[in-house]
Amino acid sequence: AAAQALGELGDATAAQPLFDLVNDETTYYRLREAALLAIAKIDPPGLADMLFTLLAERDLDLRRMVINAVNGVPEAEQVHALLDAADWHTSLVRPVRDALVRAGGEPIETVLIESLGHVREWVRALAVEVLGELACAEAVTAVLPLLQDEAREVRVLAANALGQIGDEQAVGPLRAALKDDAWLVQVAAASALARINSPEAHTASSDWRMEQRLPSDKLDLDTDEPPPEVDLSDIL
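Everything quoted here is computed from the prediction, not taken from an experiment. For every chain, the first residue of its written sequence is number 1, and the numbers climb from 1 along that sequence. pLDDT decides what is reported in this predicted model: residues at 70 or higher carry local features, side-chain atom pairs at 80 or more are listed and counted, and totals for whole chains, interfaces and linings draw on all residues regardless. By convention in this description, side-chain values take in all heavy atoms of the structure and omit both hydrogens and water.

### Topic: the overall build of the chain
So, step 1. In terms of helices and strands, the chain carries 14 helices and 0 strands.
So, step 2. To qualify as a helix, a DSSP run of H or I must reach at least 4 residues; to qualify as a strand, a run of E must reach at least 2; elements of each kind are numbered from the N terminus. Its helices and strands in sequence order give the chain the pattern α-α-α-α-α-α-α-α-α-α-α-α-α-α, from N to C terminus.
So, step 3. Buried means the residue's accessible area, taken with a 1.4 Å probe over protein chains only, is under 20% of the maximum for its type, while exposed means over 50%, and partly exposed covers the values in between. Looking at the 236 residues of the chain, the share that counts as buried comes to 48%.
So, step 4. By definition in these notes, contact holds between two residues if any of their heavy atoms fall within 4.5 Å. The long-range fraction of contacts in the chain, counting pairs at least 24 apart against all pairs at least 6 apart in sequence, stands at 62%.
So, step 5. Residue burial considers only the protein chains on display, and all accessible areas are found by Shrake-Rupley using a 1.4 Å probe. In the form shown here, the chain has an accessible surface area of approximately 11,800 Å², with 49% of it arising from carbon and sulfur atoms.

### Some points on the confidence of the model for the chain
Interpreting fine coordinate detail is not advised for predicted regions of low pLDDT.
So, step 1. Across the chain, the average pLDDT comes to 85, with 90% of residues at or above 70.
So, step 2. What pLDDT reports is the predictor's confidence in each residue, on a scale of 0 through 100. Helix α4 (residues 47-54) is the least confidently modelled element of the chain, averaging 78 in pLDDT, while helix α10 (residues 140-143) averages 96, the highest of any element.
So, step 3. Throughout residues 214-236 the model reports pLDDT below 50, and contacts reaching past four residues in sequence, or to other chains, amount to 43 contacts.

### Section: a nonpolar patch on the surface
So, step 1. A residue counts toward a patch only above 30% relative accessible area and without a salt bridge, and it is joined to like-charged neighbours within 9 Å or, for Val, Leu, Ile, Met, Phe, Trp and Tyr, to nonpolar neighbours within 5 Å. The term salt bridge refers to a pairing of a side-chain nitrogen on Lys or Arg with a carboxyl oxygen on Asp or Glu at a separation within 4 Å. A cluster of nonpolar side chains, Y28, Y29 and L31, forms an exposed patch at the surface whose accessible area comes to about 310 Å².
So, step 2. Following the sequence through the fold, Y29 ends up in helix α3 (residues 29-42).
So, step 3. Exposure remark for Y29: the relative accessible area of 38% places this residue in the partly exposed category.

### Quick notes on helix α14 (residues 199-213)
So, step 1. Multiply 1.5 Å by the residue count of a helix minus one, and that product is the helix's expected span. The end-to-end C-alpha separation of α14 is 21 Å, in line with the 21 Å expected for 15 residues at 1.5 Å each.
So, step 2. Among all positions of α14, only A201, A204, S205, W208, R209 and Q212 are buried. Seen end-on, α14 carries its buried residues on one side only, within an arc spanning 125°.
So, step 3. On the buried face of α14, the contacting elements are α12 (171-177) and α13 (183-195). It is the directions from the helix axis to the C-beta atoms whose arc is reported.

### Remarks on the packing of aromatic side chains
So, step 1. Ring pairs shown here join Phe, Tyr and Trp side chains whose ring centres sit within 6.5 Å, with only the six-membered ring taken for Trp; geometry is labelled stacked below 30 degrees between planes, edge-to-face above 60, and tilted in between. For the structure on display, the rule yields 1 aromatic pair.
So, step 2. One residue, R63, lies across the ring of W88, its end atom 3.8 Å from the ring centre. Any Lys NZ or Arg CZ found within 6 Å of a ring centre and within 35 degrees of that ring's normal is scored as a charge over the ring.

### Section: the packing of helix α11 (residues 152-165) against α13
So, step 1. A fitted line through C-alpha atoms represents every axis, and for helices the fit uses only the stretch in contact; the resulting angles, taken between N-to-C directions, go from 0 to 180 degrees. Between α11 and α13, whose axes approach to 7 Å, the crossing angle comes to 5°. One way to sum up the angle between α11 and α13 is to call them roughly parallel. Across from R152, R155, V156, A159, N160, G163 and Q164 in α11, the residues of α13 making contact are L184, V185, A188, A189, A192 and R195.
So, step 2. Tallied by class, residues from the contact of α11 with α13 come to 7 nonpolar, 3 polar and 3 charged. Any angle from 65 to 115 degrees is called roughly perpendicular, while one under 35 is roughly parallel, one over 145 is roughly antiparallel, and all others are oblique. Residue type decides the class: Asp, Glu, Lys and Arg count as charged, Ala, Val, Leu, Ile, Met, Phe, Trp, Tyr, Cys and Pro as nonpolar, and the leftover types, Gly among them, as polar.

### Side note on the pattern of salt bridges
So, step 1. Enumeration according to the criterion identifies 11 salt bridges in this entry.
So, step 2. Salt-bridge contacts for D61 lead to R64; the nearest nitrogen and oxygen are separated by 3.1 Å. Remark: R64 and D61 occur in helix α5 (residues 60-69); sequence separation between them is 3 residues, near one turn of the helix.
So, step 3. The exposure class assigned to D61 is partly exposed, which follows from its relative accessible area of 35%.
So, step 4. When the shortest N-O distance is used, the salt bridge between R97 and E133 registers 3.3 Å.

### A few points about helix α6 (residues 76-88)
Each α-helix winds once per 3.6 residues, and so residues spaced three or four apart point in a common direction.
So, step 1. When the terminal C-alpha atoms of α6 are compared, their 19 Å separation across 13 residues agrees well with the 18 Å that a helix rising 1.5 Å per residue should span.
So, step 2. Of the positions making up α6, those classed as buried are Q78, V79, L82, L83, A85 and A86. Along α6, the residues classed as buried sweep out an arc of 155° about the axis, all on the same side. Those residues of α6 that are exposed and aimed more than 90 degrees away from the buried face are E77 and D84.

### Examining the layout of surface pockets
So, step 1. Roughly 220 Å³ of internal volume is contained in the largest pocket.
So, step 2. With 7 residues, the top contributor of residues to the lining of the largest pocket is α14.
So, step 3. Of the residues contributing to the lining of the largest pocket, the split by class is 3 nonpolar, 3 polar and 6 charged. Here a cavity denotes grid points, spaced 1 Å and computed from the protein atoms alone, that fit a 1.4 Å probe unable to get out, and a pocket denotes an open set having protein on both sides within 12 Å along at least 5 of 7 lines; residues with an atom within 4 Å of a point are the lining. Grid points are joined across faces, edges and corners, and a volume is the space filled by probe spheres set on the points.

### Brief notes about the nonpolar core
So, step 1. Throughout this description, the term nonpolar core refers to a set of buried Ala, Val, Leu, Ile, Met, Phe, Trp, Tyr and Cys residues connected via side-chain atoms within 4.5 Å. In terms of nonpolar packing, the biggest core is built from 82 residues, with L36 and L174 touching the most fellow members.
So, step 2. Non-local contacts of L174, meaning those with residues more than four positions away in its chain, are made with L147, A159, L162, A189, A192, L193 and I196.

Okay, structure coming up:
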């Protein structure tokens, strides 16, 4: 309760004592978490240095708490620190994704655009999903090649991201993706086309949906929404 109160009061003099609590591995788990959230609310000078120092700790729960407390990522090296943390344990991928979406901004978008060509599938998937959530228009030309990615999940997320961004230059590649071997990719591409403000895109999406209703050997769509088992936002 005291840690929470200090966070609400917002006095920067409380930041270091709170950080000392977080940095002490003998501190009770819930107090460490409350102290971290309080520091984030106080937002003292050097907050990023405080938080990102802790990402080097081996304690998985502490790393997760730090990631959940991140509200801003002002430097590219801190984006890389978050990606490294996610690489350390798969359970941190989703918290890192949420932290990057919360923070947004040019440093994050620049690093993630570079990461679209990463050798690791999960990095490409994470990068394209966040860029879509941020509706990063500068990412469109870098995202388009991912519609041909070897990993089905990456292709799905790439199509979804292009729909979120809504740039008309994605219409042609998304139309091609309607013929993808994977049904989920087709669904993602049709949904993306429906979100782009273009008559050509809407027609392509509508035609595809109608086509699915005709042949007996294809799954029927009863509505204009993807089937309920398809969760495009949580495919990582």
